[in-house]
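# Working through the structure, step by step
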Amino acid sequence: MYNFKGRFGFIIVHRGRNVPILSVLKAKHSLLHRSNKNYSNFSKHPKLLQGSKVIHVHRRGFGMFVARFLKGALKLRYLVLGGAVGGGMTLQNKYQAWKDSLPDMSWLDTYLPSTKTVDSFRESMISLTERVKDIEIDPKLMSVGETKWRDLQEWLNKRIDEAYEAAKQSEIERASNQTQVKALSFGQERAQPHAPKENTADKRIDALQQELMDVQLRYQREIERLERDNKELKKQILLNKHSRSKNKQIKKSLIDMYSEVLDELSDYDSSYSIQDQLPRVVVVGDQSSGKTSVLEMIAQARIFPRGAGEMMTRAPVKVTLSEGPYHVAQFKDSDREFDLSKEEDLSKLRLEVELRMKRSLGRGKSVSNEVISMTVKGPGLQRMVLVDLPGIISTVTKEMAEDTREAIRRMTQIHMSNPNAIILCVQDGSVDAERSNVTDLVAGIDPSGKRTIFVLTKVDMAEESLADPQRINKILSGKLFPMKALGYFGVVTGRGRKEDAINDIKQYEENFFRTSKLFRDSMLSSTQLTTRNLSMAVSECFWKMVRETVEQQADAFKATRFNLETEWKNTFPRLRELDRDELFEKARSEILDEVINLSQVSVKEWDSLLLDKLWHKVSHHVLENIYLPAAQTCNSRSFNTTVDIRLKEWAESQLADKSIEAGSEALKTEFSHFIDKSMANKESDKLFDTLKRAVLEEALKRHSWEEKGNEVLRMLQLTALEDRCVNDKHQWDSAVKFLEKSLKERLELVQKQLSEMFGPGTWEKWVYWKSTTSDQKQRNMVKSELEKLLYSDFNHGPTLTPDEMTTIRKNIQRSSRIDISNDFIRDTWAPIYRNHFLNARLGKAYECRKAFYLYHQGLEELECNDVVLFWRMEQMLKVTATALRQQVMNREARRLDKIIKEVLEDYSQDQEKKISLLTGRRVTLAEELKRVRQIQDKLEEFIQALNKEK
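Description of the structure in this document. Predicted model, so just to flag it, every value in this text is computed and none were measured.

## A short note on the overall build of the protein
Helices and strands together make up the secondary structure of the protein, namely 31 helices and 11 strands. Among the 950 residues that make up the protein, the fraction classed as buried is 39%. Within the protein, residue pairs in contact and separated by at least 24 positions form 78% of the contacts whose partners lie at least 6 positions apart. Of the roughly 56700 Å² of accessible surface on the protein, a fraction of 52% belongs to carbon and sulfur atoms.

In C-alpha cells, the structure reads:
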C-alpha cells in the first residue's frame, strides 16, 4: 500500500491489486460527508480496507488556513502590478505632453546633412584616399599645375582690379563732362571743346570691352590648359590601374554597359518601337549642314568618310564616347582597335565605315535602317551615346532610289519619336534660315523643346556672307525659328579643308570667337559658343535623362517579361523554352540519327531497291532499242547477232553511268524514306519538318556518286552480259517471269495510248456518256482496215508497203468518202502493230515456260531467245545491284553523312536561313523571352552601377 496526500486528506492505493484511484476517491468522499464522520463506517467497504494500511493526514482546517493565506498574498501581487502599470502610463503621457510643447526644429533638416549623407561622404573620402595613396604622380606636373593656378589667380585679381579702376575713372570723366556741358551756353563753344572728350570716352569703353573679352578668352584658355594637365594626370591614373589589373577581369565602364543595352535593344527591335525608349543623342540636320563634323569635334577625331556635296551618311551610326587612356575606336562586332592618333588608322577606319554602310544597303536602296555601332575612347571625352543619321534632302537625284527622301524623313522621325531621346538639331548658318528642312521636322516632334538642343554651324561663313549678321544673334537667342530648344549653341567645325586636324580646327574656332565683333557686341553668353561647351552641355543633359528614365524602362521590360512568360505557360505548358539556335541543334541531332539508320538497312532491302531502280532506268532502252528491233527480224540468228552488238555498245558507253544514276536515286530514296518516316512519327516535333526537308534536298543536290569504280562496274556488266548459258530450271523460270512482266508493263502503256487515240469504247459511251471526235472516228476507220490486214498476215512486218497503204486509203474513201493521208495511216499503224507484236511475243513467252529442257538439250524446235536475253539482263542487273550496294554501304552513305553535316553547319551560320526554316509562335515567343531577359539583366546591371556612381 502507497499513501499520497491529497485534497481530501489521504489516498489509499491498494497493494497487490489494480483498484482504480477514481473509485477510491469517490468512496472516501462519500464517507467523509456523513453526519457522524466516523471512520468506523469505512468497514462497510471491506474490499477497500482488506489488506490495506491507512495513514492519517492533517485535518481540513489547517489546509483551509493555508489556502486563505495564499489568496491574500496573490491579491497583494495584483495590486502592486496594477499600480506599476498605471504609473508607467501616466509618466509616458506626461513625457509626450512635454515633448509636444517643445518648438518645431524640423527646418534644420533642410540645412544640415543627414547622418547617412555624412557617413557616405566619409566612406567615399576614405576609399578615395585608399585608391590614390599608391599612385605615383610626376612631381613636375604637380608643381607646374600649382604654379600655373597661383599665377592665374594673381593675374586674374590684378586684371579685375584694373578693370574696376578703369570703370571708376570712366564714370568720373563722364560726370565731369556732363557738368561742363550744363555750365556752358548753347552754341558754338559747347560742341568744339567737348566732342573730343566724348569720343575718347567711347573709345575707352570699347577698349575696356575688348579687354574684358580678352580676359574672358584668356581665362578660358588657361582653364583648357589646366584641363589638359588634368587629362595627363587621369591618363597616368588609368595606366596605373591598367597595369595593376592585367591579370584581373576587365570591369566595364558605365557608358559601355549602357551602350551594350542599346545594342541589345537594336537587335531586339530594329524599328525602335515603344519597347526601346532609352535615352540617346540623335544628331539630325539637313544634308551638308555639318552635323557629322559636329560629332567628329565632340569625338575629337575624323572618324567619318567625307564627300564634297554628296550624301555620305547612308545608315545610322551609333557612337559611344567614353573616357580612356588612349584615343582608339572599335566596332561592336570586331576586336580590332583603330589608333585615332595615327592618320593611317584614321583612313582605314573611315574606309571601314563606308564599306559597312554600302554592305547594309538593300538592292535598289540608297539608305539603310541597319545601325552601325562603334565605340570611341580617349582622355577627356564626354561620356554619351550619339546616333548620326543621314542628312535630310530636298531633291532626289537620278543616282538615288525614288523613295530616298521619304525613307530618310521616316527614319529621322522614328529615331526622334523616342520620348527620351535628346535631339541635337544641326542648322547650317551659312544658308538662309528659310531653306531649313530640319527645324520644321524637329518642331513637329518636340514642339515644347524640352529635349532639343539647337546647334548653328559654320558661323564664321555666316558672319561673312549674311547681309544682316545680326540674324545669327536672333537664331542663337531663339527668336528666329518657330522651334523651341533647351539651349542654343554656335560652333565652327572647320575651314573647308579635309586635311585640317581637330586641334587646328579648335584653335581656329577659338580665334574666331575671340576676334568676332558680332559676338563681342552681342548679349550671348560665352557658354553658348565652341564645340567644347556644346559637348559638355549635351553630356550633362544625356546623363540627366538617363537617370530620370532608366528605372522606368527597366520596369517596362519586367512587365513585358511577365506577359511573355505567362503566354508561354498558357500556350506551351509542357515544353521547354528553346530559342531558334537550341531548336536547330535539336533538329540537327534528329537528322544525323536518320543518317545512321542507313547502316541498319539489310542487304536484301538494298538489293531489291537497287534492282527496281536499275530496271526502271534501263528498261526503256532495253525494250525499244535492243529487244524489239531484234525480235522484229523474225530470225533466230539475226536476233542473237543484233542483241550482242547492241548490248556491247550500250554496256561500253551508257550502262555504267545509268547504273550509277540508279544507285544515287536509290540512296536518296532510302534516306528520304527515313526522313518521311521520322516526320510521320507522332512523337516527332512537327516544327522541324520544314528544316528536315530543306536539309535533305540540299544534301542530295550536293551529293554526287564517286566515279572511281566506274571502270570496274563496266567490266562486271560486260562479263555478265556475255554469259548465254542458263544453268538451271529456277533461273529459266525467273527469266520467263521477268520477260512476261516486262511485256505486260509495255502492253499497258501501248493500250493506254490506243485508248487516247481511238476514243471511248461502246461500254464507256453508254455508261459514262462519252463520245468520239471526228479525228477519232477517222482513226477507228483506219484501225478496222489495219486489223483486217494483220488478221490476214499474222507475221506482218513493222512497216506498211505502199500498195497496202493505197488499198487502205481507197477502202476508206469508198466506204465513207473521206480522204486519208499516208502519214495519218502510219501514225495509226505504229501503236496497233506494237500492240499486236507484244501480244505475240507474250504468247511466245507463255510457250517457253516449259521449254527449259529443250533449251538445255540444244534443240531449236522452239525459239526462246527472248528468255535467254532477259536472263542475261537479269544476271547483269543482279551483279550491278551487288556492286552498287557494296559501294553505298562502304562509301556513299558515309559521304552523304559528311555532306549533311556540312549543310547543317552552313545553315547554323546562316541566321536568315534558320529564321525561314524554323517558324511559328513557339519559336518567336522563345526568342522574345530570351532577348527580353538579356535586356533586363543588362539594364539591372547598369542601374546598379549607376546607383554606385551616384
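That covers the picture; the talk isn't over yet.
## Let's talk about the side chain of R302
By the element assignment, R302 lies in the loop between α9 (291–299) and β4 (317–323). At 3.4 Å, the side chain of R302 and the side chain of E296 are in polar contact.

## Things to note about the packing of aromatic side chains
Evaluated as defined, the whole model comprises 13 aromatic pairs. Ring centres of F331 and F338 lie 6.1 Å apart, and the angle between their planes is 90°; this geometry places the pair in the edge-to-face category. On the accessibility criterion, F331 (3% relative accessible area) is buried. With a centroid separation of 5.5 Å and an interplanar angle of 80°, the aromatic rings of F738 and F870 are classed as edge-to-face. Placement of the pair is F738 in helix α23 (residues 729–758) and F870 in helix α29 (residues 865–909), with a sequence separation of 132 residues. Look at F738 and you get buried, because its relative accessible area is 12%. Ring pairing ties together the aromatic residues W615, Y627, F639, F738 and F870, which thus form one cluster. The cationic tip of K783 hangs over the ring face of F758; the distance from NZ or CZ to the ring centre is 5.0 Å.

## Notes on the environment of D579
When you line up the elements, D579 lands in the loop between α17 (531–571) and α18 (580–596). Along the sequence, D579 and T924 sit 345 residues apart, while their C-alpha atoms lie 7.9 Å from each other. At 2.9 Å, the side chain of D579 and the backbone nitrogen of E582 are in polar contact.

## A short note on a nonpolar patch on the surface
Together, W763, W766, V767 and Y768 give the surface a local cluster of nonpolar side chains, amounting to about 580 Å² of exposed area. A relative accessible area of 54% means that Y768 is categorised as exposed.

## Considering the pattern of salt bridges
All chains considered together, the criterion is met by 42 salt bridges. Among the ionic pairs, R922 bridges to D685, the shortest N-O distance being 2.8 Å. Here the residue R922 occupies a position in helix α31 (residues 921–949), and D685 occupies one in the loop between α20 (636–680) and α21 (689–702), the gap between them amounting to 237 residues. D685 carries the same exposure label as R922, and that label is buried.

## Comments concerning unusual backbone geometry
What you tend to see is this: most non-glycine residues have negative phi, and most peptide bonds are trans. Residues other than glycine seldom take positive phi values, yet K458 does so here, at roughly 55°. Tracing the sequence through the fold places K458 in the loop between β10 (452–457) and α13 (459–465). K458 sits in the partly exposed class, given a relative accessible area of 22%. Despite not being glycine, R817 has its phi angle at roughly 55°, a positive value. By the element assignment, R817 lies in the loop between α26 (802–816) and α27 (822–847).

## A look at the state of the cysteines
For the coordinates displayed, the defined rule picks out one disulfide. Covalent S-S linkage joins C848 and C864, the inter-sulfur distance amounting to 2.1 Å. Taking the torsion about the S-S bond as the criterion, the C848 to C864 disulfide, at about -100°, is left-handed. With a gap of 16 residues between them, C848 in the loop between α27 and α28 (852–856) and C864 in the loop between α28 and α29 connect regions that are remote in the sequence. One exposure class covers both C848 and C864, and it is buried.

## Topic: the nonpolar core
If you look at the biggest cluster of nonpolar residues, it comprises 103 residues, and the most contacted ones within it are Y627, W650, W732, M873 and I900. Broken down by element, this core gets its largest block of residues, 18 residues, from α29. Excluding anything up to four places from it in sequence, I900 contacts I591, L592, V595, F671, V695 and A699. Within the second largest apolar cluster, 65 residues are counted, among which are V376, V426, F557 and L939.

## Things to note about the packing of helix α25 (residues 774–792) against α26
Orientation of α25 relative to α26, taken along the N-to-C sense of each, is 130°, at an axis distance of 10 Å. Put simply, α25 runs oblique to α26. Taken as a pair, α25 and α26 cross one another with a handedness that is right-handed. Facing α25, whose interface residues are M781, V782, E785, L786 and L789, α26 presents E804, I808, N811, I812 and S816. Of the residues assigned to the contact of α25 with α26, the class counts are six nonpolar, two polar and two charged.

## A few points about helix α12 (residues 438–445)
One turn of the α-helix equals 3.6 residues, which is why residues spaced by three or four share an orientation. Of all the positions in α12, only V438, T439, L441 and V442 are classed as buried. Projected down its long axis, α12 carries its buried residues within an arc of 160°, all on one side. Exposed residues lying more than 90 degrees from the buried face of α12 are D440 and G444. For α12, the elements touching its buried residues are β3 (281–285), α11 (404–416), β9 (422–428) and β10.

## Regarding the sheet that holds β3
The nine strands are arranged β6-β5-β7-β4-β8-β3-β9-β10-β11 in an open sheet whose pairing can be described as mixed. Either end of the sheet is taken by a strand with one partner, and the two such strands are β6 (338–339) and β11 (487–490). Across six bridges, β9 lies against β10 in parallel orientation. Of the residues in β10, the one forming a bridge with D428 is T457. The strands that α11 touches are β3, β8 (384–388) and β9; relative to β3, the one it contacts most, it runs at about 150°.

Cut-offs and rules
Throughout, residues of each chain are indexed from 1 in the direction in which the sequence is written. Under the rules for a predicted model, residues below a pLDDT of 70 receive no local features and side-chain atom pairs below 80 are neither given nor counted, while totals for whole chains, interfaces and linings still include all residues. Hydrogen atoms and water are omitted, and side-chain values are computed over all heavy atoms in the structure. Secondary structure elements follow DSSP: runs of H or I no shorter than four residues count as helices, runs of E no shorter than two count as strands, and numbering proceeds from the N terminus. Relative accessibility decides the category of a residue: with a 1.4 Å probe and only protein chains considered, values under 20% of the type maximum give buried, values over 50% give exposed, and everything between is partly exposed. We call two residues contacting when some pair of their heavy atoms lies within 4.5 Å. Residue-level accessible areas treat just the shown protein chains as cover; the underlying method is Shrake-Rupley with a 1.4 Å probe. Polar contacts, as used here, are pairs of N or O atoms within 3.5 Å; protein pairs need one atom able to donate a hydrogen and one able to accept it. Residues neighboring in sequence count only if both atoms are side-chain atoms. Here a Phe, Tyr or Trp ring, Trp counted by its six-membered ring, pairs with any other such ring whose centre lies within 6.5 Å, and the pair is stacked when the planes are under 30 degrees apart, edge-to-face when over 60, and tilted otherwise. By the criterion adopted, a ring carries a charge over it if an Arg CZ or a Lys NZ lies within 6 Å of its centre and within 35 degrees of its normal. Patch definition: residues with relative accessible area over 30% and no salt bridge; like charges joined within 9 Å; nonpolar side chains (Val, Leu, Ile, Met, Phe, Trp, Tyr) joined within 5 Å. Salt bridge, as applied in this entry: a Lys or Arg side-chain nitrogen positioned within 4 Å of an Asp or Glu carboxyl oxygen. In this description, a disulfide is simply a cysteine sulfur pair whose atoms lie within 2.5 Å. Residue types Ala, Val, Leu, Ile, Met, Phe, Trp, Tyr and Cys, when buried and joined through side-chain atoms within 4.5 Å, form a set referred to as a nonpolar core. Every axis corresponds to a line fitted to the C-alpha atoms, with the helix fit spanning only the stretch in contact, and the corresponding angles, defined between N-to-C directions, vary from 0 to 180 degrees. An angle counts as roughly parallel when it lies under 35 degrees, as roughly antiparallel when it exceeds 145, as roughly perpendicular when it falls between 65 and 115, and as oblique in every other case. Working rule for handedness: look at the near helix, and if it is turned counterclockwise from the far one by less than a right angle, call the crossing left-handed; if clockwise, right-handed. In this count, Pro and Cys sit with the nonpolar residues alongside Ala, Val, Leu, Ile, Met, Phe, Trp and Tyr, while Asp, Glu, Lys and Arg are called charged and the others, Gly among them, polar. It is the directions from the helix axis to the C-beta atoms that the arc portrays. For two strands to count as paired, DSSP must find a minimum of two bridges between them.

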